[in-house]
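Letter by letter, the chains look like this.
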Amino acid sequence: MNSMRLGALALLLGLLSLSPRPALAAEFAVDMIQFDFWAMANPDRTSPEPHVGIVVDLLNEFERRSGHTTKRTLTPYARVELDLERGNIDFSLMAWGEARGAYANRGAVLAPLHFGVRALKGIALKDYGSLKDITISASRGLKIDPRFDADQTLKKDFVRDYTTGVRKTTLRRDSQAVAGSLLTINHIIRNMGVQDEFGETLVLNTTVLSVSFSKKAPQAALESQVHAVFKSIADDGTAKRIVDKWLPE
């Protein structure tokens, strides 16, 4: 009997040693970018989950695999950048921009992202110069492409989010095109059923969805753990399945 108990105890200890959960769980402060399908208020008011979206699902998977927890705040894009720079949060999941390297480290890559401009039907987008002739809706603070972001000669209609930009463009209110993540823009266009209103696309930049970890993060000592967990989420295809669930091609 004693030998059986010792064998069971050895097996249990062996299984525990293989667990990815850390000995001491930590809580990470995380900003979730307030964009439709990435992170948004749950439309089901009866649900105990206040938020839904790609980032929410990725954070849920991070918690499940790591044993850590996240303190989440639904945050406008421009505020996320400021929180990373000041060290108000540990990390965020967002499209990587090289300028952010001054105050944040790029971690695990979760998915490729193409950024550009989608215009109303009848508007030619032959090259970058074509953008000079139109007004373009862009989400406030969003990094789209270094040249586009810094170009003050372009006429930009700054809006709260992609949905507002697509809606205003469809209604011909202040803009004739929408700039940003083409995957997101195209999905919102399909969701609204306004595909016939839009025509040409100009790709400006290809980047990635990744972990942006603040260089002043409160939990800086655990940065490598965070990157390792998200890398496992990407490596086994879970990240792609989550993105495809919310934004099917």
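For the structure, check the block above.
Definitions and limits used
- Residues numbered from 1 in each chain as written.
- Predicted model: local features only at pLDDT ≥ 70, side-chain atom pairs only at ≥ 80, totals over all residues.
- Heavy atoms only, no water.
- Helix = DSSP H or I, 4+ residues; strand = E, 2+ residues; numbered from the N terminus.
- Expected span 1.5 Å × (residues − 1).
- Contact = heavy atoms within 4.5 Å.
- Buried < 20%, exposed > 50% of the residue type's maximum accessible area, 1.4 Å probe, protein only.
- Salt bridge = Lys/Arg side-chain N within 4 Å of Asp/Glu carboxyl O.
- Pairing = 2+ DSSP bridges.

### Observations concerning helix H7 (residues 223–235)
Here is step 1: Over its 13 residues, H7 extends 18 Å from the first C-alpha to the last, a length consistent with the 18 Å expected when each residue adds 1.5 Å.
Here is step 2: Elements in contact with the buried residues of H7: strand S1 (27–33), helix H2 (54–66), strand S5 (91–95), strand S6 (104–120), strand S10 (198–214) and helix H8 (238–246).
Here is step 3: Immediately beyond the C-terminal end of H7, within one or two residues, lies Gly237, with a positive phi of roughly 90°.

### Looking at the side chain of Thr169
Here is step 1: Secondary-structure assignment places Thr169 in helix H5 (residues 162–170).
Here is step 2: The buried category is assigned to Thr169, whose relative accessible area is 0%.
Here is step 3: When neighbours within four sequence positions are excluded, Thr169 is seen to be in contact with Leu120, Ser137, Ser175, Gln176, Ala177, Val178 and Phe198.

### Topic: the pattern of salt bridges
Here is step 1: Under the criterion given, the structure shown has 15 salt bridges.
Here is step 2: Notably, a salt bridge pairs Asp236 with Arg65, separated by 2.7 Å at the nearest N-O pair. You can see Asp236 sitting in the loop between H7 and H8 and its partner Arg65 sitting in helix H2, a full 171 residues away along the chain.
Here is step 3: For Arg65, a relative accessible area of 14% corresponds to the buried category.

### Looking at the pairing of strand S7 (residues 135–139)
Here is step 1: Counting buried positions along S7 gives 5 out of 5 residues, so the element sits mostly inside the fold.
Here is step 2: Side chains of S7 alternate between two faces, with Thr135, Ser137 and Ser139 and Ile136 and Ala138 buried alike.
Here is step 3: Across 5 bridges, S7 lies against strand S8 (residues 155–159) in parallel orientation. Residue Ile136 lies in a different strand from S8, and its bridge partner there is Lys156.

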